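Residues per chain, in single letters:
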Amino acid sequence: MFTIEPLVVAYGPHREKSRFTYMHNAGVPIDIPYVAWLVRGQGFAALVDVGCSADDYNQHIRPVDRELVHVGQVFADVVDVKPIESHLRERGMKPSDIDVTILTHLDWDHCMTMEPFGNSEILVQREEWQRTPSHEMFATSFAPAEHYQRVEDMGLTQLDGDYQIADGFDLLLTPGHTHGGQSAVVKTSEGTYVIAGMCVLKENFYPSEEEAEHFQVIPPGGHTDLFQAYDQMVRLKELGGDNVLPLHMTEAFDLGQIGTLPD
């Protein structure tokens, strides 16, 4: 059994909601958390993504002379919530206690704060690593090439499909949002949870009653394959039921620890 906690590192204010909910909620602003998901078991700790701080954003992502324009939207700058190191310290931990760092995909808002975790085992799908950046249309979704080189120099493990980290903690290849995205399936004392490795919200997995008459999920606004993304989301929903945790769920701001460990 494992526990799961969202560590909100920062957030992106006033993002266009339809970027997450394909063809829905155009013109609706939403604050998007940048989350590192802490997964702990007996004598084991992992992070699923590491987020992006305001400093990471300003140094490596935002153009020096203007605001970032991403997929047609002028971005408000990233706002810090709490550094990962501070989150860990509050839990009696330090970065060296992290055994495994999992990158669900390589959009900058999921993979920037890597330096503290360079001694952990870093897991990414080979398809994701080799096909990033995926297309010029999504150029502003990705960090500069030198950031990925720094990550590679830390000692990167590239996976080829589904992978078991431990009994009750599995990674699934879930492409569609990106070419080689991956998601985590975690067994807790409260049931099996799925950390869905794509840029979506709770609403994507749990549409309104009216919307659910027509489709099971709403795919992400950004995708490399719309129908593949949809099918993978249905797969994850079948595995997790009501317990799917989207990477940018606004509920992460207030969500506490899921599950407990035996004494």
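Criteria and thresholds
Residues numbered from 1 in each chain as written. Predicted model: local features only at pLDDT ≥ 70, side-chain atom pairs only at ≥ 80, totals over all residues. Heavy atoms only, no water. Pairing = 2+ DSSP bridges. Helix = DSSP H or I, 4+ residues; strand = E, 2+ residues; numbered from the N terminus. Phe/Tyr/Trp six-rings, centres within 6.5 Å; stacked < 30°, edge-to-face > 60°. Buried < 20%, exposed > 50% of the residue type's maximum accessible area, 1.4 Å probe, protein only. Lys NZ or Arg CZ within 6 Å of the ring centre and 35° of its normal. Core = buried A, V, L, I, M, F, W, Y, C linked by side-chain atoms within 4.5 Å. Contact = heavy atoms within 4.5 Å. Axes fitted to C-alpha atoms, helices over the stretch in contact; angles between N-to-C directions.

## Re the sheet that holds strand β1 (residues 3-16)
- Read from one edge to the other, the open sheet built from 7 strands follows the order β6-β1-β2-β3-β7-β8-β9, with strand pairing classed as mixed. Of all strands in the sheet, those bounded by a partner on one side alone are β6 (79-80) and β9 (156-159).
- With 3 bridges connecting them, strand β7 (residues 100-102) and strand β8 (residues 121-125) associate as parallel partners. By the bridge assignment for β8, V100 is matched with E121.

## Describing the pairing of strand β13 (residues 191-196)
- Of the pairings in the sheet, the one linking strand β12 (residues 182-188) to β13 comprises 5 bridges and is antiparallel in character. Each residue of the ladder has a partner; that of V186, found in β13, is Y193.
- If you look at the hairpin formed by β12 and β13, you'll find 2 residues sitting between the two strands.
- Two elements, β13 and strand β14 (residues 244-246), share 3 bridges in a ladder whose sense is parallel.

## Some words on the packing of aromatic side chains
- Within the structure shown, the criterion is met by 8 aromatic pairs.
- Summarising the aromatic geometry, the rings of F44 and F169 are spaced 6.1 Å apart at their centres and angled 80 degrees between planes, so their arrangement reads as edge-to-face. One end of the pair, F44, is in strand β3 (residues 44-48); the other, F169, is in strand β11 (residues 169-173), and 125 residues separate them in sequence. An identical accessibility class is assigned to F44 and F169; each is buried.
- Their ring planes at 90 degrees and their centres at 6.0 Å tell us that W129 and Y148 sit as a pair that is edge-to-face. Of this pair, W129 sits in helix α4 (residues 126-130) while Y148 is found in helix α5 (residues 145-153), placing the two residues 19 residues apart along the sequence. Each of the two residues, W129 as well as Y148, counts as buried.
- Here R15 stacks its cationic end above the ring of F75, 3.8 Å away from the centre of that ring.

## Quick word on the nonpolar core
- Counting 41 residues, the largest nonpolar core has L47, Y57, I84, L88, I98, L103 and W108 as its most contacted members.
- Going through the elements one at a time, β1, β2 (29-41), β3, α1 (54-61), α2 (84-90), α3 (108-111), β8 and α5 are the ones with two or more residues in this core.
- Per-element tally for this core: the top contributor is β2, with 5 residues.
- Among residues more than four places away in sequence, those in contact with I98 are L38, A45, A46, L47, L88, M93, F117 and S120.

## Remarks on the sheet that holds strand β10 (residues 163-166)
- Taken in spatial order, the 5 strands line up as β10-β11-β12-β13-β14 in an open sheet, and their pairing is mixed. Of all strands in the sheet, those bounded by a partner on one side alone are β10 and β14. Geometrically, the sheet is characterised by an average inter-axis angle of 20 degrees between neighbouring strands, direction not taken into account.
- Contacting β11, β12, β13 and β14, helix α7 (residues 226-240) runs over the sheet at an angle of about 160 degrees to β13.

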